[in-house]
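Overview (structure and organization)
Spelled out from the first residue to the last, the chains are:
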Amino acid sequence: MPATTTGDVAALLLGGAEATSRPVALSPPVRREGAVPALALEDFSPIGSGAPAVSLSIAPGEALTLLAIDGNGADLLGAAVAGSRSARGGLRVAGRSIRPGSCLAFRAAGGAFIPADRRAEGLVAGLSLAENLFLRRPPGRFTIDRAALATSAADRLRRFGVRASGPDAPARELSGGNQQKLLLARELEPLPKLLVAIHPTRGLDIASSGDVRARLLDAARSGAGVLVVTADPEEAQELGAPVRVVYRGALSPPLPASTSLAELGRFMAGLAA
Amino acid sequence: MTGFVEIALLLSAPLLLAATGELVLERAGSIQIGLEGTMLVGAYVAFAVGRGGSSPEASLAAAAVAGLLAGLLFALFAVARRADPILVGTVWNLLALGATAFAYRLAAGETGSVLEVRTLPRGLFGIPDAVAASFLAPVVLHLWLARTRAGLRLTAAGENPEALRSLGLSVVAVRSGAAAASGVLGALGGAMLILTVSPTFVEGVTAGRGFLALALVVFARWKPLALLPAALLLGSVTALQYRLQAGGFGLPYAFFLALPGLVALAALALASTRGGAPKALGSTAP
Amino acid sequence: MKARTVLGVAIGTLAAAALLVLLAGASPADAFAALLRGAFGSKAAVGETAARSTGLVLTAVAAVVAFRAGVLNIGLEGQFLAGAAAAAAVGPLFPDLPIAARAAVVFAAPLAGALQAAPAVWLAEKRQVPPVLSTILLNLVAVAGVTWLVRGPLRDPAGDYPQSRALSDAVLLSPLVPGARATAAVLAALGLAATAAFLLARTPLGLALRAVGEAPRAARAAGLPDVRLRSGAFLASGALAGLAGGLEVLALTGRLYDPFSAGVGYSGIAAALLGGMTPLGGAASGFLFAALGAGSSALQRDAGVPSALASIVPALAVLGLLLARGGRTAESSR
């Protein structure tokens, strides 16, 4: 494509938003050199996407943003890492080699996952909030300790700011923002080795979005590896983590979060060489 | 025409009619697993009307009317009221089995005597004309689906009901129409069984043919023309039972009873199904 | 569920039943009295109702276990037959050792039921064949299998009819109360219903099963072993239906004949639906259906109303419920 149009395209993509440069609000996460990577991909590609194989690594305590216009395979890549899509290639979570395409193995290695479609793939709408929080390991040995379930659920709902009538309310009654907070409450406790979050703030109001982003960065600061997939360049800036833009399945080199929206836009449109 | 080929054709026709009807409904996005019940109702009505002294042709027509009502009833529950079609179908089978048995007992009393009805006369091809016409049903459906505006709408109801609705058309109306058509064809299939090969009624006379027809639709990948060879295959396999009753092979008779089900299962396993299914199959109408 | 819905469905069903009785030329009031007498009017009647409820309660629980895990197991009928056939095969092996014979039946019948479901489990998980279709076809195969067994390998050489050899009287379960047909099998069925209710509501396994049934993709993404849970529930459902078939032979019929079942597997699904897809609700509906069955046998004897009434009325009740409630009902009504 002729170089003369690149600026126009980027401006078009971003709706002229490049003028507003946002401060990187949060301090960069602590990076622990020499630790076993929270995530290591080697020649990894989702099956059926036709995307080139990618390699990348995220250290514990580090966050990485995958930024892409929808349809470029960033969300497929994220879902494949979490085992919810089949893939081929090398996948290691916290040092453990995992067969791609298995949510079970991903979880066993210490992975956590916030899927793009929280209604279909995140929450079980008909179960209560408490049951959703403790799907895998409800309190109690052979039978569920209902009292313990209710108190620890109520405690967690409060700490994660989920607004609901109580732990026994069905999950389907929550608003989008509260559903996402509920998912975070489930996925971030106990702290995972790696968190994969796809479009974590899509469809949420501004307050909820800020809250969700802060939780993700908190997780990284506490030592988890965090992989965020987003289509929103401003969100990439606000997260303050290194950004890799995905275009037709291929990764850009790591860009600092302070990269201008115009520059990010050029990468997203595949116009940066 | 040799006996075996004739029996095979006579047994293929009910399967083919019922499967064609089911295919119409499934292409529209709903599913009636109570097809066995509808066939049973058609068989009973044909029997009862035939016993009343009417001609086989009139019995066939009466069965079609009963099938229409059965189809509309299904539409009321599973389309208009949006109840789960699988559950409606399961219960419909139970109801049809009970109701036909009840009605038969009332009509026949406690006597153990076999009550027969007149069968359809042979026509142009050595088989009854209605049976011969059955083999045209998938062809007509194929042309109708591909060539007419109504056919396209029906397909849209099964593939993308939201789009149909955004055009201002009622998905409920399209699916209800399909349910009515499938009811008529299913009941005709059941009636044809009575009016050709087994001119008497016993409880559960359809012997699982409605279930086989369901499998046929999947096996044919929801393509009408593919129903023809599939139905002929299962019809022939079923005909082996009749052949055997006349004395013949050393294999146990029950093996041939099980064979249609086994063949259908094997076909499903090999076909590895979802490919070709309407995208909104079994969905609730928007 | 609203009380008004229940009342409406009950009244509608009763009205339809009354109409059928009128069609059969009997008076609804007399028929209703005869029905009640036949179901509860005497020790023998109550025993008959209880005895008939064994199979219905167990198949209803079997339906709940599968449906709640998201598996539409329409193959309960075939699994019931497989269990009955297994019981008829192993039951006569130890005519003088009742304990051994009964243990063999209680072991073999659930196993046969699970094996009958196994091809559908494989087809569902490996070949994406919907269980609705595969189990329906497996029912046909099971019916043919019974036809073959009672004429072939299991045929009683002493009898004139195609039926299996009888279990000895010592092996057959004896009535709990003399003069009533009900045996310990009823208690076993109720115990299993209570166990299933407890498992589903109060254990981690039950929670996982409900999650997989409600939202399979979410359960999988959350790291639950979805395939194992679904397959396990499917096989357990088959085993329960198989046990129902085995107990039918061990407690009531003493042998296998053809046709053996008048749709108890399908009725179990209807009972589970009417019971709101809960084990105890399903058991209660199963008991109600059994009372209806016992009562309408009496009705046919006394008033000439065909006993097929007993399979029409439950179907009408469930249809009424589906019509009143609309929407999806496969999930629970929690």
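The rules we used
Residue numbers here run from 1 along each chain, matching the order of that chain's written sequence. As a convention, the first chain written is A and the first ligand written is 1, with the rest following in written order. With pLDDT at 70 or above as the cut-off, local features in this predicted model cover only qualifying residues; side-chain atom pairs require 80 or more to be listed or tallied, and sums for whole chains, interfaces and linings still use all residues. Excluded from the side-chain calculation are hydrogens and water; included are all heavy atoms of the structure. Counting from the N terminus, the helices are DSSP H or I runs at least four residues long and the strands are E runs at least two residues long. Remark: exposure states derive from per-residue accessible area (1.4 Å probe, protein chains only) relative to the maximum for the residue type, with buried under 20%, exposed over 50%, and partly exposed in between. Only heavy atoms enter the contact rule, under which two residues are in contact if any of them lie within 4.5 Å. Surface exposure here means Shrake-Rupley accessible area, sampled with a 1.4 Å probe, where a residue is shielded only by the protein chains that are shown. Our radius of gyration is a C-alpha quantity, and the globule rule it is checked against amounts to 2.2 Å times the number of residues to the power 0.38. Strands were regarded as paired on the criterion that DSSP finds at least two bridges between them. Only the stretch in contact is used when a helix axis is fitted, and all axes are lines through C-alpha atoms; the angle between N-to-C directions ranges over 0 to 180 degrees. Put simply, buried area is the surface a 1.4 Å probe can reach on two separate parts but cannot reach once they are joined, added for both. One side-chain nitrogen of Lys or Arg within 4 Å of one carboxyl oxygen of Asp or Glu is enough to make a salt bridge. Any N or O atom pair separated by 3.5 Å or less is treated as a polar contact, with the protein-specific requirement of one donor-capable and one acceptor-capable atom, and with residues adjacent in sequence counted only for side-chain atom pairs. Among buried residues, those of type Ala, Val, Leu, Ile, Met, Phe, Trp, Tyr and Cys that are joined through side-chain atoms within 4.5 Å constitute a nonpolar core. Annotation comment: domain bounds sourced from an automatic or database domain assignment. By the criterion used throughout, a crossover qualifies as right-handed when its path from the first strand across the helix to the second strand runs clockwise, the strands pointing away from the viewer. Under the scheme applied here, ten amino acids are nonpolar (Ala, Val, Leu, Ile, Met, Phe, Trp, Tyr, Cys and Pro), four are charged (Asp, Glu, Lys and Arg), and all others, including Gly, are polar. How far a helix is expected to stretch is found by multiplying one less than its residue total by 1.5 Å. On a range of 0 to 100, pLDDT expresses the predictor's confidence in each residue.

1. Concerning the overall build of chain A
What chain A contains, in helices and strands, is 10 helices and 10 strands. Counting the 273 residues in chain A, one finds 51% classified as buried. A separation of at least 24 residues holds for 68% of the contacts in chain A among residues at least 6 apart in sequence. A total of about 11800 Å² of accessible surface is found on chain A, and carbon and sulfur atoms cover 54% of it.

2. Overview of the overall build of chain C
Of the regular secondary structure elements, chain C holds 13 helices and zero strands. Element order for chain C, N to C, with α for helix and β for strand: α-α-α-α-α-α-α-α-α-α-α-α-α. Here chain C has a C-alpha radius of gyration of 20 Å; the compact-globule value for 334 residues is 20 Å, and the two agree. Seen through its C-alpha atoms, chain C measures out along the principal axes to roughly 60 × 55 × 35 Å. Split into buried and exposed, the 334 residues of chain C put 59% on the buried side. Here the contacts in chain C between residues at least 6 apart in sequence split such that 74% fall between residues at least 24 apart.

3. Quick notes on the sheet that holds strand β4 (residues 87-93) of chain A
All names here are of chain A. A sheet is described by the order of its strands in space; here four strands give the open sequence β2-β1-β4-β5, paired in antiparallel fashion. Edge positions in the sheet fall to β2 (54-58) and β5 (96-97), since each of these pairs with one other strand and no more. As defined by bridge partners, strand β1 (residues 39-46) adjoins β2 across four bridges and the pair is classed as antiparallel. The partner of Ala40 across the bridge, within β2, is Ser57. Across the sheet, helix α2 (residues 74-81) touches β1, β2 and β4, and the angle it forms with β1 is around 120°.

4. Looking at the sheet that holds strand β8 (residues 225-230) of chain A
Residue and element names in this part refer to chain A. If you walk across this open sheet you meet the six strands as β6-β7-β8-β3-β9-β10, and the pairing is mixed. At either end of the open sheet lies a strand with only one pairing partner, and these are β6 (111-114) and β10 (250-251). Pairing geometry for strand β3 (residues 63-67) and β8, over five bridges, is parallel. Counted as the bridge partner of Leu64 is Leu227 from β8. α2 contacts β3, β6, β7 (194-198), β8, β9 (243-247) and β10 of the sheet and is inclined by roughly 145° relative to β7. Running over the sheet, helix α8 (residues 206-221) touches β3, β7 and β8 and is turned about 150° from β8.

5. With respect to the interface of chain C and chain A
On the chain A side, the residues contacting the 20 residues of chain C number 27 residues. Each partner contributes to the roughly 2100 Å² buried at the junction of chain C and chain A, and carbon and sulfur atoms together form 59% of this total. Per-residue buried area on chain C facing chain A is highest for C:Arg202, C:Leu207 and C:Ala221; these three make up 26% of the total on that side. Taken together, chain C and chain A are joined by two salt bridges. A salt bridge links C:Arg210 to A:Glu131, with the nearest nitrogen and oxygen atoms 3.1 Å apart. Between chain C and chain A we count eight residue pairs in polar contact (both at pLDDT 80 or more) in total.

6. Focus: the nonpolar core
Ranked by size, the top nonpolar core spans 248 residues in total, and within it A:Leu182, B:Phe201, C:Ile74 and C:Leu256 carry the most contacts. Sorting elements by how many residues they give to this core places helix α1 (residues 3-27) of chain B first, with 13 residues. Per-domain counts for this core show at least three residues from each of domain 1 (1-15 + 25-110 + 193-273) and domain 2 (127-191) of chain A. Setting aside chain neighbours within four positions, we find C:Leu256 in contact with C:Ala84, C:Ala85, C:Ala88, C:Val146, C:Val150, C:Leu154, C:Gln163 and C:Ser164. In this structure, A:Leu39, A:Ala74, A:Leu77 and A:Val246 belong to the second largest nonpolar core, which totals 31 residues.

7. Side note on the pairing of β8(A)
Residue and element names in this part refer to chain A. Counting buried positions along β8 gives six out of six residues, so the element sits mostly inside the fold. Side chains Gly225, Leu227 and Val229 project from β8 onto one buried face, and the interleaved Val226, Val228 and Thr230 project onto a second face that is buried too. In the classification by handedness, the crossover that spans β7, the intervening α8 and the parallel β8 is right-handed.

8. Comments concerning unusual backbone geometry
The amide bond that connects A:Glu189 to the next residue, A:Pro190, takes the cis arrangement and shows omega of -5°. Tracing the backbone shows A:Pro190 in the loop between α7 (176-187) and β7. With phi around 50°, A:Ala94 is a residue other than glycine that occupies positive phi space. With respect to the helices and strands, the residue A:Ala94 is situated in the loop between β4 and β5. For A:Ala94, a relative accessible area of 29% translates into the label partly exposed. Unusually for a residue other than glycine, C:Gln128 sits at a positive phi of about 55°.

9. Remarks on the domain arrangement of chain A
When the parts of a complex come together, some accessible area is lost, and that lost area is often taken as the interface size. Residue and element names in this part refer to chain A. By the assigned domains, chain A splits into domain 1 (1-15 + 25-110 + 193-273) and domain 2 (127-191). Across the boundary between the two partners, domain 1 contributes 15 residues, which contact 12 residues of domain 2. For the pair domain 1 and domain 2, the number of links is three residue pairs in polar contact (both at pLDDT 80 or more). Of all the elements, α8 adds the most residues to the side of domain 1 that touches domain 2, at six residues. Its residues assigned to classes, the side of domain 1 that touches domain 2 comprises seven nonpolar, four polar and four charged.

10. A word on α7(A)
All names here are of chain A. An ideal rise of 1.5 Å per residue puts 16 Å on 12 residues; α7 measures up with 16 Å between its terminal C-alpha atoms. For α7, a buried count of 11 out of 12 residues is recorded, marking the element as mostly surrounded by other parts of the structure. Among the residues of α7, Gly177, Asn178, Gln179, Gln180, Lys181, Leu182, Leu183, Leu184, Ala185, Arg186 and Glu187 are the ones counted as buried.

11. Considering the interface of chain C and chain B
Each partner contributes to the interface: chain C provides 48 residues, whereas chain B provides 46 residues. Summed over both sides, the interface of chain C with chain B buries roughly 4000 Å², with 79% coming from carbon and sulfur. Linking chain C with chain B are zero salt bridges. Remark: the boundary between chain C and chain B carries three residue pairs in polar contact (both at pLDDT 80 or more). When grouped by side-chain class, the residues that make up the side of chain C that touches chain B number 35 nonpolar, 10 polar and three charged.

12. Quick notes on the pattern of salt bridges
For side chains of opposite charge, pairing can occur when their charged atoms come near one another. Residue and element names in this part refer to chain C. Inspection of every chain in the model, using the stated rule, returns 21 salt bridges over all chains. One salt bridge in this structure joins Arg52 and Glu48, with 2.9 Å as the shortest N-O distance. One end of the pair, Arg52, and the other, Glu48, are both in helix α3 (residues 43-68), four residues apart, so they sit about a helical turn from each other. By relative accessible area, which is 31% here, Arg52 ends up partly exposed. Salt-bridge contacts for Glu125 lead to Arg230; the nearest nitrogen and oxygen are separated by 2.9 Å. Remark: Arg230 occurs in helix α10 (residues 226-253) and Glu125 occurs in helix α5 (residues 98-127); sequence separation between them is 105 residues.

13. As for the confidence of the model for chain A
A residue-level look at chain A finds 87% of positions with pLDDT of 70 or above and a mean pLDDT of 87. pLDDT under 50 marks residues 1-29 of chain A. Its contacts with residues more than four places away, or in other chains, come to 34 contacts.

14. Structural notes on the confidence of the model for chain C
Confidence in the prediction for chain C averages 92 pLDDT; 97% of positions are at 70 or higher. Low confidence marks residues 328-334 of chain C, where pLDDT is under 50. Its contacts with residues over four positions away, or in another chain, come to 22 contacts.

15. Concerning the side chain of B:Thr20
Looking at the secondary structure, you find B:Thr20 in helix α1. Apart from residues lying up to four places away in sequence, B:Thr20 is in contact with B:Ala137, B:Pro138, B:Leu141, B:Leu185 and B:Leu227.

16. Section: the environment of A:Arg202
Residue and element names in this part refer to chain A. On the secondary structure map, Arg202 appears in the loop between β7 and α8. The class of Arg202 is partly exposed, set by a relative accessible area of 40%. In the structure, Arg202 is positioned 147 residues away from Ser55 in sequence and 27 Å away in space, judged by C-alpha atoms. Setting aside its immediate chain neighbours within four residues, Arg202 contacts Asp70, Arg118 and Ala231. One polar contact links Arg202 to Asp70, side chain to side chain, over a distance of 3.1 Å.

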